[in-house]
Amino acid sequence: MLRVRFAPSPTGYLHIGSARTFIFNWLYARRNGGTMILRLDDTDVERNTQQSIDSIFDGLNWLDLGWDEFYRQSDRLELHRAAANRILEKGYAYRDFTPAGTATEERVHDGGVFAGDPEQRAMSKEESDRRAAAGEPFVIRFRVPRDTGRAIVFKDSVYGDQSKSCDDIEDFALLRSNGMPTYHLASCADDADLRISHIIRGQDHLTNTFKHILIFEALGAAPPQFAHLPLLIAPDGAKLSKRKHGPVVSVTTYRDAGFLPHAYVNFLCLLGWSPKDNREQLTRQEIVDIFSFEGINRSNSVVNFTEEDPIDPKALWLNSQHLRSLPVAEIMPAVEAVLTGAGYAIPEDKSHFASIVDVIRARYTTLLDFAGKGRPFFADTFAIEPSAMEKLDAPNARPLLRELAARLEADPEFSEATAEAHLRALATEKGVKAGVLINGSRAALTGQAVGPSAFALFSAIGRDRVIARLKAV
RNA sequence: GGCGCCAUCGUCUAAGGGUUAGGACGGAGCCCUCUCAAGGCUCUAAUAGGGGUUCGAAUCCCCUUGGCGCUACCA
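Residues numbered from 1 in each chain as written. Chains lettered and ligands numbered in written order. Predicted model: local features only at pLDDT ≥ 70, side-chain atom pairs only at ≥ 80, totals over all residues. Heavy atoms only, no water.

Participant: Would you take a moment to explain unusual backbone geometry for this structure?
Facilitator: Both trends apply: most residues other than glycine have a negative phi, and most peptide bonds are in trans. For Lys276, which is not glycine, the phi dihedral falls at a positive 65°. One can find Lys276 in the loop between helix 11 (261–269) and helix 12 (284–290). Exposure remark for Lys276: the relative accessible area of 64% places this residue in the exposed category. In this model, Asn396 sits at a positive phi of 70°, which is unusual for a non-glycine residue. Positionally, Asn396 belongs in the loop between helix 18 (386–392) and helix 19 (397–410). (Helix = DSSP H or I, 4+ residues; strand = E, 2+ residues; numbered from the N terminus. Buried < 20%, exposed > 50% of the residue type's maximum accessible area, 1.4 Å probe, protein only.)

Participant: Teacher, can you tell me more about the protein's contact with RNA strand B here?
Facilitator: The full set close to RNA strand B counts 65 residues, and Arg176, Gly272, Glu280, Arg363 and Ile438 are the nearest of them. The sugar-phosphate backbone supplies 72% of the atoms of RNA strand B found within 4 Å of the protein. Between Gly272 and RNA strand B, the recorded distance is 2.3 Å, taken from a backbone N or O atom to a phosphate oxygen. Going through the elements one at a time, strand 5 (139–142), strand 7 (160–165), helix 7 (183–193), helix 8 (208–219), strand 12 (301–302), helix 13 (313–325), helix 21 (434–446) and helix 22 (454–461) are the ones with two or more residues in the surface near RNA strand B. Here the element with the most residues in the surface near RNA strand B is helix 13; it accounts for five residues. (Near = heavy atom within 4 Å. Polar contact = N/O pair within 3.5 Å; in protein donor to acceptor, adjacent residues only side chain to side chain.)

Participant: Help me understand the sheet that holds strand 8 (residues 173–175) in this model?
Facilitator: Strand pairing in a sheet relies on backbone hydrogen bonds, with the paired strands running either antiparallel or parallel. Across the sheet, which stays open at both edges, the three strands sit in the order 4-5-8 with antiparallel pairing between neighbours. Either end of the sheet is taken by a strand with one partner, and the two such strands are strand 4 (93–96) and strand 8. On average, each strand axis in the sheet is inclined to that of its neighbour by 40°, with strand direction left out of account. Pairing geometry for strand 4 and strand 5, over four bridges, is antiparallel. The residue bridging Asp96 from the neighbouring strand is Val139, located in strand 5. (Pairing = 2+ DSSP bridges. Axes fitted to C-alpha atoms, helices over the stretch in contact; angles between N-to-C directions.)

Participant: For this particular structure, what's the right way to read the packing of aromatic side chains?
Facilitator: Scanning all chains against the criterion turns up 21 aromatic pairs. Measuring from ring centre to ring centre gives 5.8 Å for Tyr254 and Phe259, while their planes differ by 70°; the resulting arrangement is edge-to-face. As far as burial versus exposure is concerned, Tyr254 and Phe259 are alike and both buried. An aromatic cluster is built from Phe6, Phe22, Phe57, Trp67 and Phe70, whose rings are joined through pairwise contacts. Stacked on the ring of Phe138, the Lys or Arg Arg95 has its end atom at 5.1 Å from the ring centre. Sitting above the plane of the Phe97 ring, Arg131 keeps its charged end 4.6 Å from the centroid. (Phe/Tyr/Trp six-rings, centres within 6.5 Å; stacked < 30°, edge-to-face > 60°. Lys NZ or Arg CZ within 6 Å of the ring centre and 35° of its normal.)

Here is the structure:
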């Protein structure tokens, strides 16, 4: 049974690198018929906040991928403590009664690896039990088997064969003196208990994996298969951080910027993974069908943003591609949400609404454009841009547009075709270039000099509004 | 400092011993055209450096350099 998990710690918003890890886990599960587990790794009570939990769910829900099972580490403390004690009982760990922080200095500066305080490490079980029973605080440390000269090895699905001598692994903590498990312990105890078969996570955990394998062994559990992902970094090479790089690191930024969830998922997938056949715009199903660890590369990916352009241009491009190529029905809910959010009344006639969206979406980049550039299609008032004013100021343009309005009004039939016929006939009759009326119509109808074909505008905006706007020039 | 990982156009990437080093985004130009997009075409730009191995290296090995990660009673 294939089981994967995404285990964020709620100490901030949902980071785009975390989002990508979630996506890759989800893809692997869906691709192979496995189970996707969401687990909140909230053992750090000092730093966890409800706000962070909310924002992680916000981001995850927006991605619209879902998960099958949900757990919270804070509900499983007893399991973690029992695991630590089991490891202690088996002799794979020992109590360290050194007061917190006292050994730090030498440990960091001795140029080597913290091999544990020899006295603590060698303490007899009797003395250890006695001092613990007496209420003396202690931390439980893993007794790394250094004397055997053994190396921990594993085969990472992305990075290949990995090996590290136990001489280079420090005696890390499992249980803190306040009785709370450390990340390493909680994570492994849960992974073992939840029968996680594949751990797919950021490369920042690659070297932690050696410790984790030691824990799995001490727990008597077979280590899962590991797959580490290259990290997402900023153009300056640094890891993405909110303090340094701002909102570009939070997925909700992209939601708020008018991205289609799938377009953003598509973008994130292309960072560090490739279908290897030059395709870039892919549907969710297409990605599920071809996703594999072989397509993941090993070097970190730069998210390309600058101060002036805070969003990666490729993400924008992908969004525009999906916006214009998806079946209209699929983007309607998102468009409707944006318009409603911006205070517009949604057209009663849903099919007409869809046809408007279909006409304008080809030149929009984000959903926000529907509320911005799209205003003339959903509201009666809109600004006339200077470039549009120039079209209206062209010789004879205004009287001709008013004449066109009169002719359209006199004709009970109103369609893209009849509007075009009237416009062209009028131009020929008056000896002016059709372009004057075409560009003038666009300017009058939308206040913009650029946009969809003028004829498409007639039907999109509708008879009454068209006549009113042409008359009003 | 120790240990580990990584290194192809500005960015995302393909090519896992033999290619004019391919695609995409971005930028520039042309075509199309009622405008702007879209679309089509063209151009721009890369194997970090040095040694090997080989008939032949972006690809395999070593060194250097650079970047990143871990080295907490953070995750």
